[in-house]
Amino acid sequence: MTAPFDLNDDSVVVIIGTGAGGGVLANELAQKGISVVSLEAGGRYLPEDYINDEWDSFGQLAWTDPRSTSGDWRVAKDFSGLPAWIVKAVGGTTTHWAGASLRFQDHEWKAKSTYGDVQGANLLDWPIDPREMDDYYTKAETKLGVTRTGGRAGLPGNNNYKVFEAGAKALGYKEVHTGRMAINSAEYDGRMACQQTGFCFQGCKWGAKWSSAYTDIPKGEATGHLEVRERCHVMRIEHDKKGRVNGVVYVDAKGKQHEQKARIVCVAGNSIESPRLLLNSASSMFPDGLANSSGQVGRNYMRHMTGSVYGVFDQPVRMWRGTTMAGIIQDEARHDPSRGFVGGYEMETLSLGLPFMAAFLDPGGWGREFTTALDHYENMAGMWLVGEDMPQETNRITLNHDIKDQHGLPVANVHFDDHPNDIAMRSHAYKQGIAVYEAVGATRVFPTPPYPSTHNMGTNRMSEKASDGVVNKHGQSHDIANLFVSDGSQFTTGAAENPTLTIVALAIRQADYIASEMGKKTL
Amino acid sequence: MSLRKQGMTRRQLLSQSAVFGASFAIGSGFVAGRVEAANWALEVEYLSSETMATLIQMARDIYPHDQVSDAYYAIAVKGYDTAEAAEAIEANIAALDAAAKGIGYARYIDVGWERDRVDLLRAMENSPFFQQVRGGLVTGLYNQKAVWPIFGYEGESFSQGGYIDRGFDDINWL
Ligand SMILES: Cc1cc2nc3c(=O)[nH]c(=O)nc-3n(C[C@H](O)[C@H](O)[C@H](O)COP(=O)(O)OP(=O)(O)OC[C@H]3O[C@@H](n4cnc5c(N)ncnc54)[C@H](O)[C@@H]3O)c2cc1C
Ligand code: SF4
């Protein structure tokens, strides 16, 4: 069969979401000749449509449907309706992402065995051996064109990187470079090299940064086996009397509801929407939501230990020029409990434009203490701190029945409390980040609180045993054989690294599994 | 932003105005930069010109940047000059003036030292009014493209081919 597909065609794989997980899975399956219908809540925007203006771009691409927050994290106070910064568009959050693409360290696949029991943490080992991932990581790096892998050159360092590197070297850090980035340092895969434009977070207008929006999605469509229906929001997943999923109900741009039949359903709506959809699909057979016999759907929400450090210098830096995040210090990524916490963190260059800096440097701040910081915006350098946070059962996505979205569905509430390990790691990371800038003469430093979550993970986690998690080692739900989870919500633990390369590697791996099971007629 | 009223020039407007506080000239229905060099005037429709002038001063006291002219603060708050917002704004500014009376001044705008005005604002920092004005300024002030160059921020660069040949790595003091 070739696309477009009929609503009653029950031979198709339906994939919900077209971001890092869903977009890659759709293309990988289509390349194997498998019929795929991708349903995407957002519209289609390509490099010529992206707007290099922070707030305008946010308005164009971000997920701004209502959500609510609770818990002791500062985001709940400063941005109560915006727990996460996620994109609603074909390509998902890979339009906004910065491109940092790191493999997990081996021990991070085995957090429970490595860290032991951590009080209050719901740690678990991934049911995957790190060696099983080697080839998939290589495939993912090849797909994304990751620099400093596969013989691809690194990016040149910009001003922000040079300050960061000088400070790191002065402190004696060894693993310092311009990052492994899904940004072309030379023409690759028909896309041009980075022009150092500096709006990686707003969508790369040159297409130098990988995004599924203009790579995997059109490649999949070109096979004739993939149909992407944009501005189609999936409201619930349906199942038959035997408890196997058999279709999804979605609402299109005109507000009209449809049911698409399916042989297999893959959920890839990001770690807030994916559990929300499973919970909103509760039925008399599955009163707690689909795939939720363990009670773990929505739980163990992780967002990485994050924070930023900005430093002001007596001379200009102009950090906004060039790639947003091409710079990394990896020396602190190791697991070394002598620092007072388990797991590790990465330090990565980061720059925000003036409008976002005003909003995020010290949310709620005002008066001269605040404004004198912005007065020296030109002399600022910036870095982001990102490390492993502890999964906690009580950090979770639940349905908020008091608030409905435009389709009348209960919205997601995002509850998050920092774990003591997260707090200990953050204070260590602030100290080291400050030291980096002071080593090159910073006259003032700002340990900036976490932004709304950009890395969202863990809410449908992978587990060996059905009682511990939602999906097995292939992302297949323990309860329903033809229901898969294909995005960052599968993460058993978060590791220190930015998640997307691992999401992509898992999607490639899942495509192999689905194809092989379909071949064996077990699915 | 040089808004004219009934075809009058700014000079004519100023000639009909009274000096208000340190920095503003106000007349009926407009607020203007006090000196001729401050080339801006803002017409108000629903708010009194005194209230608008106070709001502009309050905006500056919340996010003071000495190198940024009042004109940008005026633009940032002019959205409150609507039929829906006016009543509440007048009441809240009246409350601010009352607080100023409590420390011996006729109105907020007459309080000479920024320090003393900031103390008045601190006392009302958690009020919905203060938070509304402060929150609105985060985008109202800093998202004005005309303000960016004052801070050195260059904005979009795609139209000029990015920074690859325009100094992305030109730092020279390390
Ligand atoms: C500013 C920013 C910078 C980042 N930088 C990096 C980085 O440098 N490195 C890194 O590894 N990661 C980075 N990330 C994170 C990265 O973007 C995400 O981890 C990744 O995109 C998540 O993939 P996903 O498949 O889980 O979800 P997404 O990519 O978010 O895709 C989910 C898609 O599902 C759609 N959807 C949701 N619900 C429904 C529904 N009910 N019906 C239909 N469609 C639905 C959404 O509209 C969306 O398009 C960054 C994120 C942000 C915001
Ligand atoms: S800095 Fe490079 S990758 Fe980032 S948006 Fe600009 S051209 Fe694209």
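Not measured: the values here are computed from a predicted model. (Residues numbered from 1 in each chain as written. Chains lettered and ligands numbered in written order. Predicted model: local features only at pLDDT ≥ 70, side-chain atom pairs only at ≥ 80, totals over all residues. Heavy atoms only, no water.)

(A) Examining the interface of chain B and chain A more closely. Taken together, the contacts link 40 residues of chain B with 43 residues of chain A. On inspection of chain B and its partner chain A, the count reaches five salt bridges. One salt bridge in this structure joins A:Arg321 and B:Glu154, with 2.8 Å as the shortest N-O distance. The interface formed by chain B and chain A contains 25 residue pairs in polar contact (both at pLDDT 80 or more). Put simply, the parts of the chain that give the side of chain B that touches chain A at least two residues each are α2 (49-62), α5 (114-123) and α6 (128-140) of chain B. Residues belonging to the side of chain B that touches chain A are distributed by class as follows: 18 nonpolar, ten polar and twelve charged. (Contact = heavy atoms within 4.5 Å. Salt bridge = Lys/Arg side-chain N within 4 Å of Asp/Glu carboxyl O. Polar contact = N/O pair within 3.5 Å; in protein donor to acceptor, adjacent residues only side chain to side chain. Helix = DSSP H or I, 4+ residues; strand = E, 2+ residues; numbered from the N terminus. Nonpolar A, V, L, I, M, F, W, Y, C, P; charged D, E, K, R; others polar.)

(B) Structural detail: the site of ligand 2. Every residue close to ligand 2 is listed here: A:Ile183, A:Cys194, A:Gln195, A:Gln196, A:Thr197, A:Gly198, A:Phe199, A:Cys200, A:Cys204, A:Trp206, A:Lys209 and A:Thr323. Among the residues making up the shell around ligand 2, the classes are represented as six nonpolar, five polar and one charged. (Near = heavy atom within 4 Å.)

(C) A look at the domain arrangement of chain A. Residue and element names in this part refer to chain A. The domains assigned to chain A are domain 1 (1-56 + 85-97 + 102-146 + 211-303 + 457-523) and domain 2 (149-206 + 305-387 + 418-449). Of note, the centres of domain 1 and domain 2, computed from C-alpha atoms alone, are 29 Å apart. Contacts between domain 1 and domain 2 engage 37 residues on the former and 42 residues on the latter. Carbon and sulfur atoms make up 54% of the area that domain 1 and domain 2 hide from each other, which totals about 3,200 Å². It is Asn 52, Glu 54 and Val 146 in domain 1 that bury the most area against domain 2; as a group they hold 22% of the surface buried on that side. Counting across the domain 1 and domain 2 interface gives one salt bridge. We note a salt bridge from Lys 219 to Asp 189, for which the minimum N-O separation is 2.7 Å. Taken together, the links from domain 1 to domain 2 amount to 15 residue pairs in polar contact (both at pLDDT 80 or more). Those elements that provide at least two residues to the side of domain 1 that touches domain 2 are α2 (54-61), α4 (111-115) and α5 (130-144). Here the side of domain 1 that touches domain 2 gets four residues from one element, more than from any other, and that element is α5. (Domains from an automatic or database assignment. Buried area = accessible area lost by both parts, 1.4 Å probe.)

(D) Just the domain arrangement of chain B, in detail. When the domains of chain B are assigned, the result is domain 1 (1-31), domain 2 (33-143) and domain 3 (148-174). Computed over C-alpha atoms, the centres of domain 2 of chain B and domain 3 of chain B are 34 Å apart.

(E) Layout of the packing of aromatic side chains. Evaluated as defined, the whole model comprises 31 aromatic pairs over all chains. Both rings, one in A:Phe104 and one in A:Trp126, keep their centres 5.8 Å apart while their planes meet at 80°; by these two values the pair is edge-to-face. Taken together, the residues A:Phe104 in the loop between α3 (75-78) and α4 and A:Trp126 in the loop between α4 and α5 connect sequence positions 22 residues apart. The two residues A:Phe104 and A:Trp126 agree in class, both being buried. These aromatic residues form a ring-pair network of at least three members: A:Trp55, A:Phe58, A:Phe79, A:Trp85, A:Phe201, A:Phe356, A:Phe360 and A:Tyr451. The ring of A:Trp63 is capped by A:Lys88, whose NZ or CZ atom sits 4.8 Å from the centre of that ring. The residue whose ring lies beneath A:Lys205 is B:Phe158, and the NZ or CZ to ring-centre distance is 5.1 Å. (Phe/Tyr/Trp six-rings, centres within 6.5 Å; stacked < 30°, edge-to-face > 60°. Buried < 20%, exposed > 50% of the residue type's maximum accessible area, 1.4 Å probe, protein only. Lys NZ or Arg CZ within 6 Å of the ring centre and 35° of its normal.)

(F) Summary view of the packing of helix α6 (residues 159-171) of chain A against helix α11 (residues 420-438) of chain A. All names here are of chain A. Close contact between α6 and α11 brings their axes to 7 Å; oriented N to C, the two are set at 100°. The angle between α6 and α11 places the two elements in the roughly perpendicular class. Counting all contacts with α6, which are made through Asn 160, Val 163, Phe 164, Gly 167, Ala 168 and Leu 171, the residues of α11 involved are Gln 432, Ala 435, Val 436 and Tyr 437. Each residue belonging to the contact of α6 with α11 can be placed in one class, and the counts come to seven nonpolar, three polar and no charged. (Axes fitted to C-alpha atoms, helices over the stretch in contact; angles between N-to-C directions. Parallel < 35°, antiparallel > 145°, perpendicular 65-115°, else oblique.)

(G) Fine view of the sheet that holds strand β13 (residues 380-387) of chain A. Residues and elements named next belong to chain A. Judged by pairing direction, the sheet is antiparallel, and its six strands sit side by side in the order β4-β11-β12-β13-β10-β16 without closing on themselves. Two strands in the sheet have a free side with no partner beyond their single neighbour: β4 (176-177) and β16 (444-448). Across two bridges, the pairing between strand β11 (residues 328-329) and strand β12 (residues 345-349) is antiparallel. Note that in β12 the partner of Ile 328 across the bridge is Glu 348. (Pairing = 2+ DSSP bridges.)

(H) Quick look at the site of ligand 1. Residues and elements named next belong to chain A. Glu 40, Thr 93, Ala 100, Asn 270 and Thr 500 are the nearest of the 40 residues found near ligand 1. The contact in question runs from an oxygen atom of ligand 1 to an N or O atom on the side chain of Asn 270, over 2.6 Å. When ligand 1 is considered free in solution it has 1,000 Å² of accessible area, and contact with the protein chains removes 99% of it. At the level of elements, α1 (20-31), β6 (233-239), α8 (270-280) and α12 (500-519) are the ones that each hand at least two residues to the shell around ligand 1. Tallied by class, the residues present in the shell around ligand 1 amount to 19 nonpolar, 17 polar and four charged. (Areas by Shrake-Rupley, 256 points an atom, 1.4 Å probe, with all protein chains shown as cover.)

(I) Quick peek at the side chain of A:Arg191. Residues and elements named next belong to chain A. Looking at where Arg 191 falls in the secondary structure, it is placed in the loop between β4 and α7 (216-222). Although Arg 191 lies buried, it forms no salt bridge, and the closest oppositely charged side chain, Asp 189, sits 4.5 Å away as judged by the N-O distance. Setting aside residues up to four positions removed in sequence, Arg 191 forms contacts with Leu 144, Asn 184, Gly 207, Ala 208, Lys 209, Trp 210, Tyr 214 and Thr 215. (Lys, Arg positive; Asp, Glu negative; His and termini not counted.)

(J) How the structure looks around the sheet that holds strand β5 (residues 226-229) of chain A. Residues and elements named next belong to chain A. The strand order across the open sheet built from five strands is β5-β2-β1-β9-β17, with neighbouring strands paired in parallel fashion. Each of the sheet's edge strands pairs with one partner strand only, and the pair in question is β5 and β17 (483-485). When the angles between neighbouring strand axes are averaged without regard to direction, this sheet yields 20°. Relative to strand β9 (residues 264-267), strand β1 (residues 13-16) runs parallel, the two sharing four bridges. Residue Ile 15 lies in a different strand from β9, and its bridge partner there is Cys 266. This element, α1, spans β1, β2 (36-39), β5 and β9 of the sheet and lies at about 160° to β1.

(K) Structural context of the UniProt feature "domain: Glucose-methanol-choline oxidoreductase N-terminal" (unreviewed entry) in chain A. If you check UniProt for "domain: Glucose-methanol-choline oxidoreductase N-terminal" (unreviewed entry), the listed places come out as residues 88-305 of chain A in our numbering. From the first C-alpha to the last, residues 88-305 of chain A spans 24 Å; its make-up is 23% helix and 14% strand. (UniProt positions renumbered as here; feature names shortened; annotations may be inferred.)

(L) Region of interest: the pattern of salt bridges. Residues and elements named next belong to chain A. A full pass over the atoms with the stated rule returns 39 salt bridges over all chains. Measuring nitrogen to oxygen at the nearest pair gives 2.8 Å for the salt bridge that ties Arg 67 to Glu 273. Linking Arg 67 in the loop between α2 and β3 (68-70) with Glu 273 in helix α8, this pair joins segments that are 206 residues apart in sequence. Arg 67 gets classed as buried once you look at its relative accessible area, which sits at 6%. Overall, Glu 273 belongs to the buried group, its relative accessible area being 9%. Among the ionic pairs, Glu 273 bridges to Arg 276, the shortest N-O distance being 2.7 Å. One end of the pair is Glu 273 and the other is Arg 276, both in helix α8 and three residues apart, which spans about a single turn. Each member of the pair, Glu 273 as well as Arg 276, is classed as buried.

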